[in-house]
Structure formats: structure tokens, C-alpha cells
Amino acid sequence: MSAMLRAESLSHRVPTSEGPLTLLNNISLQLARGESLAITGASGSGKSTLLGLLAGLDRPTEGRIWLAGDEITAMDEEQRAAVRARCVGFVFQTFQLLPGLTAQENVMLPSELRGDRNAAGRAAEFLGRVGLEHRLGHYPRQLSGGEQQRVAIARAFASFSGNDGILFADEPTGSLDAGNGEKVIDLLFELNAESATTLVLVTHEQRLAERCHSHLRMAAGEIQGADLQPRDGGNLSEVSA
Amino acid sequence: MAATPTLPLKLLGRDWRGGELALIATALVLAVACVTAIAHFSDRLTRAMHIQSQTFLAAERVVRSSKPVDPAWTDEARDRGLERAETVSFASMLSAGEQFQFAAIKAVSAGYPLVGHLEMRTAADAPREVVSQGPGTGEVWLEPRLLPLLELQMGDRLQVGEAELLVTGLLDHEPDRSDNLFSMGARVMMNIADLPATNIIQPGSRVRYRYLFAGDDAALESYFKWLEPRLTEHQRVIDLREGQPRVASALDRAESFLFLAGSLAVLLASVAVGLAARRYSLRHTAYVAVMKSLGAGRAKVLQIYIGQLVALALCATVVGLLIGSLIQAQAVSLMADFFPVEPPPSSWNPLLVGLATGFACAFGFALPPLFRLARTDPMQTLRRDWSNPDRREWLGMVMGPTSMLLLIWWLSGSLPITLALFAGMALLVGGSALVNQLLVRGQLASLGGAWRIALGSLQRRAAFNTLLIAAFGTGLLAMLALVFARTTLIEEWRMQLPENAPNHFMFNIAPHDVERLQALLDENGIAATEIYPMVRGRLVAINDVPATGREEQAGALRRELNLSWTENLAPDNRIVAGDWWDRADEGVSVEVELAARLNLALGDKLRFSIGGLEVETHIASLRSLDWNSMRPNFYMLFAPGTLDDFPATYITSFYLPADQKLLVNDLVRNFPSVSLIELDKIIERIRDTIGQVSLAIESVMALMLVAGVLVLISGVRSSIAERLQEAAIIRTLGGRRGLLLKSLVIEFGLLGIAAGLLAAIGAEATLAVLAMRVFELPFSLHPLLWLAGPIAGALLVGIAGTLACRSSVSQPPLKVLRELA
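Bear in mind the structure is a predicted one, so any value in this text is a computation, not a measurement.

Draft legend 1. Summary view of the overall build of chain B. Along the backbone of chain B there are 23 helices and 22 strands. Residue burial in chain B is summarised as follows: out of 821 residues, 44% are buried. Taking contacts inside chain B between residues at least 6 apart in sequence as the whole, the part at least 24 apart equals 86%.

Structure follows, in C-alpha cells:
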């Protein structure tokens, strides 16, 4: 199974008034297609920064990243955006639904950005898969927290134009109560398995990390430890710090 | 991979609910409507003036000459397909039986007038006829007052030089009557074919030839290009611009003023667009960060948002163009009397002006925030930080003002005026900042809870408040200056006229009527000014140097002057150099300002040409006089006896109280050849005209105030989240809704008072300049203005601001705090 995501010697520093601040230090990892990886750590450990770099939202100060076979660290912002539009989906802690758009319009957005003429049909289909077919015309303020996150999951899966999907989820249950969080996670893993997408998950929850194939623990911008589980008939993810 | 082309429109529709786009659209509609209305209005006014000027010329272009021109010139015009006509004007003595009268004769060819028409009657009691041809061969038409003077009846014969012509019409109106009201001779119009038979025109005769042309613009243009090198110093081309120079320059000024006022409205509307766009861009930071994380690059974000802006600007501009056209149609119908002729429909130009305004406002002020928006960092979705760092803010600071500068330069057609406007605005903003500082540094906070909250809010939003004071200050200043100029200033000017200032002028009084007129006035107890004789003559040489070529120095050299003589110095005249003459003296007394313009001094020799004869004299004194005294006044007053040999008419003025107004009928009946001007009616007409013009200008000012309200709403919207939070915290801590409402009223009321105060200062300064320069009145303060400015400001800004912010105090605090969390 080929690597869907590979990072080599990633370091990231930002300038501050007291000199450069290291957010990430020498991180390497590899994730095969269809695998899931949980990143955990305390606040400020650098897990969200790592997620952003892996998704191509920013470029690391040092190191290289390959996403679906393309080296995104060699690309400019426009090219990275094109890669994201093709194979990256996002689920955020605070949902990040656009308040002026209905549930369906929110899910349509990635398809519309790609120029897909069947954006509305595709959005309705994904909302049906997350059980919100009756909420298409509702605005985010008219939906509960759990429902809003289900719309965000539908939007993330609607983001993939082909089979090479990779989903980045940043504390997807962080704004939900335990019951709703459980339902959302079940849905996320269910859809991930159905669509054979790759999943990178940032979370505080140990229980959630345990459901992933790999688990990477971070502290102060460095990998403190990794649990690697064999995937049925597949390779192991590699992690090094 | 391209987004669907309709995506910007779809998102525009979805975003409309947010409110900022509606605000941007409203500001754009306002700016476009304002400029379009003014551009339409001025376009139609210019076209009306154009037609009117053509009428004044009786042609589209005229060649004026003191000698007959080469016949090849008119043949060339014919070959180029132009219409032609010819007039020959001169003064001559007419006779009918025992009666003689000096008259201004005009011989006209077939085709005259090429533009406009003549009005005549076939008998004194017959209705007026509008005709397009002058008298036929052997016929003559007279100005009605000549009939009694020459004791003629219709159908009688009139001797003109050696020719005898049949009186067949009374001439009531000719389009190109350019002689002024005081022209000595009454008009006589004859056919040019009869001219040789009169034998009047001899070498050396003072004759004015006018060659009239009309036709296709291109043909006219090419003909005059051909003609130009052939013209000599005796010939001059008169085009439309010179048809009515004074009216044209007054209207030009009114037009520039309207455009400047309109530009201010556009400027304020643009500030509203900028503020709303900035708020829109801040609110959309999260949108764009999410879109970018979903795969939209900077180019796609720009494509979406610029696409939206183009669509929005286009829609708002079209609505603005429609509203502007409607306003203009209404204004034209309201001011129908003010137009010289029925205004023709407008050209496409005003629509172009409106379109350019819409796009300059939209792009100049809304584009920089959108560029900033496109630079949003997608990592913000993970950091959950929605601040929009104002990097490259300079782009907005440069682009908005530059686009406005270029637009206003284009609209006003003058860079100095544009720069002066910007400098004025900068001064106003500086003044606003100062007033704002005084306001927040005052000891008002010690007045209590609501005052402290209001003052705190004013301190935190100092930059926006400065803008607000400047915006409302501008609108109120213009409005106050105009209203007070229209009412108070004109009233003050009227009040300063002496109680019994003459309100009627009589002129063209024949010498034999002078005693009879004096008797009639005495009989009715009417005290008239002296009855002055008047002879028309031209100043042709100063100290033996011909005055030609010095017309630039004084308009008085361009035309014939009314020359008079008197033994007594009028009460409003004062000798400033030399001496008023004794009986034996000779010489002329010259008005001091004219003397200064022509560099004349006591003792200088002046030569006048009067009816073809020349008179030489010297300057005996210089006189100052009061042109506002409503008395006959003269640039040149001769010593009695100098001009006795020249035929004179007389002029006087008198005060007629309202209860003796019926005497006008007696005067007209007893002296049919005399011209009477009722000044009271003219003043009434002037007041009406000013009222109508002010109405148009005030409506533009009202639009400026609406633009100010838009700035206020845009500004308040940008601070609404902050205000909601403040209000929620105060209410959570036990503050009552009434307290918060009171603080809002205080905050915006104070801002309004500051704007009104600033406006009062500006308006008082404007009135002072107007009073001293235009109305020649001494400076005086207007206490009502100092009261009206702050009250109007407090009401306007207080109400608009409190209404715009009321949602911040009416929402339940728990809901607000939860949403903001």
C-alpha cells in the first residue's frame, strides 16, 4: 500500500520579538492510504500546527511533505490549494460552517469551488449519509452542535473529487457533549471506512486516539511517543522523532 | 480547475443577508444618483443655453465686420451647403412729415433669422405674429414707441435716407437684439434690398455688418477653418459662447458649485462604502479561511469577491442612474422658469458620469479591503483567530483618495478646485479631531453614570468620531450657509437699502417729454432723482493713444457708454480727486474704479466717439459712487454744455409707494415712448429665481446629509459587536436598559453638537465672505446660526445614532454573551 501522507524532518519556527520560537522540531511520519492517525498532546504542544502543515495550509521552515504523491512543500500557495481542493477534507472543532449559508449551501461550497455543476445533488447525498436529509434548508444557527458537526463532516467528504481522500479533523468532538461526541465519532469512522479515506485526527481524548491505527503523542513540538497498530493485511505506519 | 462562473453571484445572493452589502449598495446608489442627477441637470442646462445662445445670435455662427466682406466668402459657404443671411446695422435720422427721430436701423436679407423668430403685429391692436422672415422689399417695421414719436399710422410712408418705405408692421421681438436697454435709437427693420436706395451708407459711415451662418456641424467647422486665415482685424467670429457671456458664466459657476456639492456627497458615500467594505472583509475572514482550507487559492478568492463587487456595483449603479434621472426630471420641472428655453433631453454623457462614479466609489474604497481578505491565512481556521491583520493598509489609504481625486477632477474639470476641496476636507477633519479631543477631555464624565459610559465610548472610538463629526459637519455647514444666505443675507441686503430707495426707473425719455413728466410726478407728490440727459458714445483714445486692444482692462471699452452731464453732484457720489466744476469749467468726472482699471489720472486726455463725431476732453475729477443706491449713475459725467450738440434721451428713477402703484398706468399711457422698469417686480423675480436655484442645491445638500447617515450606520455596524458586549456586561452587572439608552443619546447627541458647532463656524465664515464680497455688507454675527447648527446636529446625529445602535441595548445579555463566546 503506497504512502498517502509522508513528512520528512519537519521543523517549524515563527519569528517573535524575543527571537525565533520553535513550534515543531524534526518530525517525520508516514501514513498509508486508508489508515488513521491520532495526534494527541497538551495545549501548545504543536499538534494543530502539525495538522496544518500536513494539510498544506502553511509551509514548514524545514523538511518536506508528500500528499497523495505530490510534494506539497515544493508548491506555491495556489498549487497547494489545488491539491487541497482535490483530496483534502477538514473537520474543525468549532465546525466552521458559514453562518449565512444553509446546511446544503455549506456542503455545496467545496464542489462549487471546483466548478462541479452537480454541487447541490452531491451535497444532498452527503447530508443524507450523515442523516440530515430533512435539514437541507436550515441555517447553522437553527441546528444543534451535533447536527452542525455532522454538516461539517458531510462537507469534508464532499471535498474529495476522487478516491485519494485524506480527512484532517481538528478536535472534532471538542465542542460537543459526550453523547453527541460519541455519535459524531462513530459517524466519522463509519464514513472513513466506507470511503476508504485516510484520516488524521487531533484530539485530547485517549478513547478516540485508541480507535485509530496509529497514535502520536506530542509535547513541546516534538514526538514523545508513538503507538503503531498493524492494519489487517497492511503495512505499519512509520513515525520518528 | 475553475469555480462555476455564477459562483460569485450565488454567494452574493447568500451574503446579502449579512447587511454590509446592502449598506455598500445603498451608498453606491446614493453617490451615483446624486452625480447622475447633477450631470443630467447640467447637461440639459448647457444644451438649453446652447439653443438660447443660438437664438441670441439668430444663427449658429456669425462673422461681424465693420466693412462688407468679400462676396467669395458667402459663395464658399453656399458651396459647402450652409444656410446664410446678412444684416446691416447703423443709426440714422428718420422723418415722417414734420417729425424727425433718431433710430437704430437694421437691414435684413432673405433667410434672416436663421435661428429663432421675429414677433410682429400688423396693427397696434392686432395679435402678435411669430414670423421667420423680415419685412419685404419696400416695407419697414418699427418698434411700437416710434409710431407716436413720428406721429405715424400703419400704412403711412417713412423716409429713410433718400428712400420712402411703407410702414407695414410693428416689431415686438428680434432674437439678436444685442444693443442694451439704454440704446438711444428705437429699432427700425427694413429689407437689405432697399439699402442702396436710401443712400445712407457712405464711406466712413459707422455700419456694422453681420454675416449669419447655420447648418451641419461638420460643414460649419470646415467652413470656419477655411475662413479663419482670411479674417482681418475688422472681422470677428462670434460663436455660441459669446451669445450671452454673463448668463453663461453665472450658470457655469452654479454648475461647478452643484458638482462640488455633489462631489462632497460622493466623498461621504465613498467613506460609507469603505467602512462597510472593511466590516464586510473582517466578517468574511472566517469565510475565506474556511474556503482556503477547502481548496480555494488566493486567485479564486479574489475572483469570487471581485466578481461580487462588480455585480454589486453594476446593480447599484443601474438603480442609481434610474433614481438620478428621476430626480433630475423632477428638478427640471420644478425649475422650468429658470431655464432660458424648454430644456432638450439629456445626452448619454450623464449616464457615463454616473457609471464612472459608481465604479470609482466601489473599486477605490472596497477593493483594498478585499485584497486584504484574499491574503487571509488558512491556518486561522485551526488557530480560531479571526483578526484580519491590517497589513498593507496603505493600499486603502492611497487607492480610495486617489480614485476620488481623479473622479472629482474629472467632474469639476479643475485640478485647483479639486485640490482646494481636498484641502478643505483635510482642514475639516483636523477641526473635527480637535473638537473631538475637547469633547472627551471635558469634565462631562463627572455628571454621572450615563455620561461616564457615553464619554468612555467616545474616547474608545476617537478615530471614527472624528470622521463622523467631519461628515456631518460638512453636510450641516453647506446646508446652514445656504439657508442663511438665502433668507437672512438677502433680507439684510434689502434692509440696508434706504427706506425710500427708488424702485422704478424711467428711460428713453424724449427731451420734449421731460417737463411734462416732471410735472406729472410733482402733481402726485413723487420725489424723483434728477432727470439726467444721456448720450451714447465710445471711449476711443486715452492721451491720444487708441483704446483698441485695451478691452481686457475694462469691459467699458468694449461697448458704448452712457455719457451724461449735470451741475449737481448726486448725494451718493463723492469726489475723491480733483474738484467738482463751477459753471465755466470743462472736462469729465470719471468713476474711480474704472479710472483705476484703465490707469487714468487727473488731467488725462480722453477722446469719445459719439454718433460718428469725436469729442475730446480731460479728466477734471474722479468720483466714487454707490451702485446700490438705485439712482441713475454714470461712469462719465461731463461738464454741462459739453455734449449739448448731440441728441439725448433722459433717464430718472423714483420711489413709488405700494399704494400709489396705479400711477404706473398713467405714466405708461401718457408717455408711450418711454421705457419703465419696475424694480420691485425684478427684486421679486430675483428672489424667486434664487429660491428655485436654492431648492436644487439644497436637495443635493440633503443627499450629503443622507450620505453622512450612511457613514454613521457603517461606522456603528463596525463597532456593534463591541457595543453588544459592553452593553451585555453592564446589564449583567445591574445596569438598566434606560441607562444604556441614555448613554447612547448622550454619546451621539454630543457628536451632533460638535458637528453642528463646527458647521456653524464654517457657515459663519462662508456668510462673512459672501456678505462682504457679494452683497457688500458689513460683517455681522448670526446668533440664530450658532443655535441652529448644534441643535440640528444633536437631533440628526442623536436620533440616527441611537436608532442604529438600539439593538445593542435591547438584546438579552445572556444571549449576547453566549453568542460572542
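Don't stop here, the text continues.
Draft legend 2. Highlighting the nonpolar core. Residue and element names in this part refer to chain B. With 204 residues, the main nonpolar core has Leu28, Ala269, Ala272 and Val273 as its most contacted residues. Considering every element that reaches this core, the biggest residue donor is helix 2 (residues 20-57), with 18 residues. No fewer than three residues from each of domain 1 (1-61 + 234-396) and domain 3 (426-497 + 680-821) sit in this core. Contacts of Val273, omitting those with residues within four sequence positions, involve Ile24, Ala27, Leu28, Cys361, Ala362, Phe365 and Ala366. Residues Val62, Ile105, Leu146 and Val188 belong to the second largest nonpolar core, which totals 47 residues.

Draft legend 3. Spatial organisation of the interface of chain B and chain A. On the side of chain A, 29 residues touch chain B, which itself brings 27 residues to the contact. Of all the secondary-structure elements, those providing two or more residues to the side of chain B that touches chain A are helix 1 (7-15), helix 8 (285-293), helix 9 (298-334) and helix 11 (380-383) of chain B. When residues in the side of chain B that touches chain A are grouped by element, the largest group, six residues, is from helix 8 of chain B. By residue class, the composition of the side of chain B that touches chain A is 14 nonpolar, six polar and seven charged.

Draft legend 4. Seen up close, unusual backbone geometry. Omega for the bond connecting Tyr112(B) with Pro113(B) falls within 30 degrees of zero, at -10°, which places this linkage in the cis form. Among the secondary structure elements, Pro113(B) is positioned in the loop between strand 3 (99-108) and strand 4 (118-121). A positive phi angle is found at Ser9(A), which is not glycine, with a value near 50°. Assessed through the 13 C-beta atoms surrounding it within 10 Å, Ser9(A) is described here as partly exposed. In the Ramachandran plot, Glu171(A) falls in the positive-phi region, its phi being about 45° despite a non-glycine side chain. Locating Glu171(A) in the fold gives a position in the loop between strand 7 (166-170) and helix 6 (178-195).

Draft legend 5. Region of the structure containing helix 3 (residues 103-114) of chain A. All names here are of chain A. Most of helix 3 is tucked away: twelve of the twelve residues are buried. Of all the positions in helix 3, only Ala103, Gln104, Glu105, Asn106, Val107, Met108, Leu109, Pro110, Ser111, Glu112, Leu113 and Arg114 are classed as buried. Once helix 3 finishes, Gly115 follows within two positions and takes phi at roughly 90°, a positive value.

Draft legend 6. Representation of the pairing of strand 8 (residues 198-202) of chain A. All names here are of chain A. Along strand 8, five of the five residues are buried, which leaves the element largely enclosed by surrounding structure. Neither face of strand 8 is exposed, since Thr198, Val200 and Val202 on one face and Leu199 and Leu201 on the opposite face are all buried. Here four bridges tie strand 3 (residues 36-41) to strand 8, and the two strands are oriented parallel to one another. Bridged to Ile39 within strand 8 is Val202. Sheet analysis places strand 7 next to strand 8, joined by five bridges and oriented parallel. Paired with Ala169 across the strands is Leu201, a residue of strand 8. Each parallel crossover has a hand, and for strand 7 linked through helix 6 to strand 8 it is right-handed.

Draft legend 7. Here's a closer look at the packing of helix 9 of chain B against helix 10 (residues 349-374) of chain B. Residues and elements named next belong to chain B. Their axes nearest at 9 Å, the elements helix 9 and helix 10 cross at an angle of 150°. In terms of axis orientation, helix 9 runs roughly antiparallel to helix 10. When you trace helix 9 past helix 10, the crossing you get is right-handed. For the pair helix 9 and helix 10, the contacting residues are Arg298, Val301, Leu302, Tyr305, Ile306, Leu309, Ala313, Ala316, Thr317, Gly320, Leu321 and Gly324 in the first and Leu351, Gly354, Leu355, Gly358, Phe359, Ala362, Ala366, Leu370, Leu373 and Ala374 in the second. Within the contact of helix 9 with helix 10, the residues separate by chemical class into 16 nonpolar, five polar and one charged.

Draft legend 8. Expanded view of helix 22 (residues 783-810) of chain B. The end-to-end C-alpha distance of helix 22 of chain B, which contains 28 residues, comes to 40 Å, matching closely the 40 Å that a straight helix rising 1.5 Å per residue would cover. If you look at helix 22 of chain B, its biggest bend is around 40°, right at Ala804(B).

Draft legend 9. Quick peek at the confidence of the model for chain A. Considering every residue of chain A, the mean pLDDT works out to 83; 93% of them sit at 70 or more. Between residues 230-236 of chain A, whose pLDDT stays under 50, and residues either more than four places distant or in other chains, the model counts eight contacts.

Draft legend 10. How the structure looks around the environment of Leu480(B). Residues and elements named next belong to chain B. Topologically, Leu480 is positioned in helix 15 (residues 462-495). Residue classification places Leu480 among the buried positions, given that 27 C-beta atoms sit within 10 Å. Residues Leu480 and Trp786, 306 residues apart in the sequence, show an inter-C-alpha distance of 9.9 Å. Apart from the residues within four sequence positions on either side, Leu480 is in contact with Ala759, Ala760, Ala763, Leu785, Ala788 and Gly789.

Draft legend 11. Seen up close, the pairing of strand 4 (residues 62-67) of chain A. Residue and element names in this part refer to chain A. Looking at chain direction, strand 1 (residues 3-16) and strand 4 are connected through five bridges and run antiparallel. Bridging from a neighbouring strand, Glu8 pairs with Arg64 of strand 4. Relative to strand 5 (residues 70-71), strand 4 runs antiparallel, the two being bridged by two bridges. By the bridge assignment, Leu67 is partnered in strand 5 with Asp70. In this structure, the hairpin formed by strand 4 and strand 5 is closed by a connection of two residues, where Ala68 is found at a positive phi of approximately 50°.

Calculation criteria
- Residues numbered from 1 in each chain as written.
- Chains lettered and ligands numbered in written order.
- Predicted model: local features only at pLDDT ≥ 70, side-chain atom pairs only at ≥ 80, totals over all residues.
- Helix = DSSP H or I, 4+ residues; strand = E, 2+ residues; numbered from the N terminus.
- Buried ≥ 20, exposed ≤ 12 C-beta atoms within 10 Å, placed from the backbone.
- Contact = placed C-beta atoms within 7 Å.
- Core = buried A, V, L, I, M, F, W, Y, C linked by C-beta atoms within 7 Å.
- Domains from an automatic or database assignment.
- Nonpolar A, V, L, I, M, F, W, Y, C, P; charged D, E, K, R; others polar.
- Pairing = 2+ DSSP bridges.
- Right-handed = clockwise from strand over helix to strand, strands pointing away.
- Axes fitted to C-alpha atoms, helices over the stretch in contact; angles between N-to-C directions.
- Parallel < 35°, antiparallel > 145°, perpendicular 65-115°, else oblique.
- Left-handed = near helix turned anticlockwise from the far one by under 90°.
- Expected span 1.5 Å × (residues − 1).
- Bend = angle between axes of the 7 residues up to and from the residue.
- pLDDT = per-residue confidence, 0-100.

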